[in-house]
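One letter stands for each residue in the lines below.
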Amino acid sequence: MRKFSHAIVRRPCRALTEGISSGLYPGKPDYQLALVQHDAYIEALKKCGVKVDILPADEWYPDSCFVEDPAVLTGRCAVITNPGAASRNGEKDEILAAVRKYYPDERIERITFPGTLEGGDVMMAGDTFYVGRSARTNEEGIRQFAEILGRYGYQCVEVPLEEVLHLKTGVNYLENNNLLVSGEFTDKPEFASFRKTVIPEEEAYAANCIWVNDTVIIPEGYPEVLAAVQALGYETITVDTSEFRKLDGGLSCLSLRF
Ligand code: GLY
């Protein structure tokens, strides 16, 4: 199944070393290694059949390679978000020009203060968008997002988060009703109707895999998740994300796929 034709990525900047980190995965990112890993990530996306739009590094925003957070791109509209992390909020202005290449102005919507929302909290499953209420995405942001989605014929389901940074830190949709879940998401009623693959705690980081046109890209070093995804029948590609993991960043955070 081919669903995505394009992806947008942004090259890591030197200031990456100053990005936000919870400290869950200790250490500062190595900038040169991050570039090498980013190259491999782009190649993996290309192998999945998408055209990759590579934006230049943006030194103003240390976390700006996590391009998924300042926008949500759907088949019917784009939403420029309003990132809840103060040091990342300006990324919404930097992503706009790229989004405008693919969406007409009348289909570019915005989340505005006091609403906040980050794309890492948004998981698309068909015409339903699950949205994590997190430290970055607030009630008003979700209200605005649901109102926008409703105008385009989409549904919005709020999912309260207790433990992780973003919704997709712990739950990711692989199409065909298959859902990867870890930790607090294992038993959430919102996901009861999916066929769930439960990720063991020691491989929780790898809950953040991405489905791209029937191939699943998986972080390197998580053998149980790799075997579980292959057992579901998907082609897989692994990519080392060690330098992005130090900033709590995963595979989904590094691109907008549409
Ligand atoms: N370091 C990625 C984030 O906290 O948003």
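See the structure printed just above.
Each value, and the rule that gives it
Residues numbered from 1 in each chain as written. Predicted model: local features only at pLDDT ≥ 70, side-chain atom pairs only at ≥ 80, totals over all residues. Heavy atoms only, no water. Pairing = 2+ DSSP bridges. Helix = DSSP H or I, 4+ residues; strand = E, 2+ residues; numbered from the N terminus. Axes fitted to C-alpha atoms, helices over the stretch in contact; angles between N-to-C directions. Buried < 20%, exposed > 50% of the residue type's maximum accessible area, 1.4 Å probe, protein only. Contact = heavy atoms within 4.5 Å. Core = buried A, V, L, I, M, F, W, Y, C linked by side-chain atoms within 4.5 Å.

Trainee: How would you sum up the sheet that holds strand E9 (residues 171-173)? Please name residues and give values.
Mentor: The 3 strands lie next to each other as E9-E10-E11, forming an open sheet whose pairing is mixed. Of all strands in the sheet, those with a lone pairing partner are E9 and strand E11 (195-198), marking the two edges. Pairwise comparison of adjacent strand axes, ignoring direction, gives a mean angle of 25° for this sheet. As defined by bridge partners, E9 adjoins strand E10 (residues 178-181) across 3 bridges and the pair is classed as antiparallel.

Trainee: Can you lay out the pairing of strand E1 (residues 6-10) for me, pointing to particular residues and giving the numbers?
Mentor: In terms of residue burial, E1 counts as a mostly covered element, since 4 of its 5 residues are buried. Pairing of E1 with strand E2 (residues 51-55), which is carried by 5 bridges, proceeds in the parallel orientation. By the bridge assignment, His6 is partnered in E2 with Lys51.

Trainee: Account for helix H2 (residues 91-100), with residues named and values stated.
Mentor: Of the positions making up H2, those classed as buried are Glu91, Lys92, Ile95, Leu96, Ala98 and Val99. Elements that come into contact with the buried residues of H2 comprise E1, E2, strand E3 (71-73), strand E4 (78-80), strand E5 (108-110) and strand E15 (256-257).

Trainee: For the nonpolar core, give the residues involved together with the corresponding values.
Mentor: Ranked by size, the top nonpolar core spans 38 residues in total, and within it Tyr41, Leu45, Val212, Val216, Ile217, Val225 and Val229 carry the most contacts. Those elements that provide at least two residues to this core are E1, helix H1 (31-47), strand E12 (210-212), strand E13 (215-219), helix H5 (223-231) and strand E14 (235-239). If you tally residues by element for this core, the top one is H1, at 5 residues. Apart from residues no more than four positions distant in its own chain, Val225 is found in contact with Ile199, Glu203, Ala206, Cys209 and Ile218. Listed in part, the 15 residues of the second largest apolar core include Ile95, Leu96, Ala98 and Leu256.

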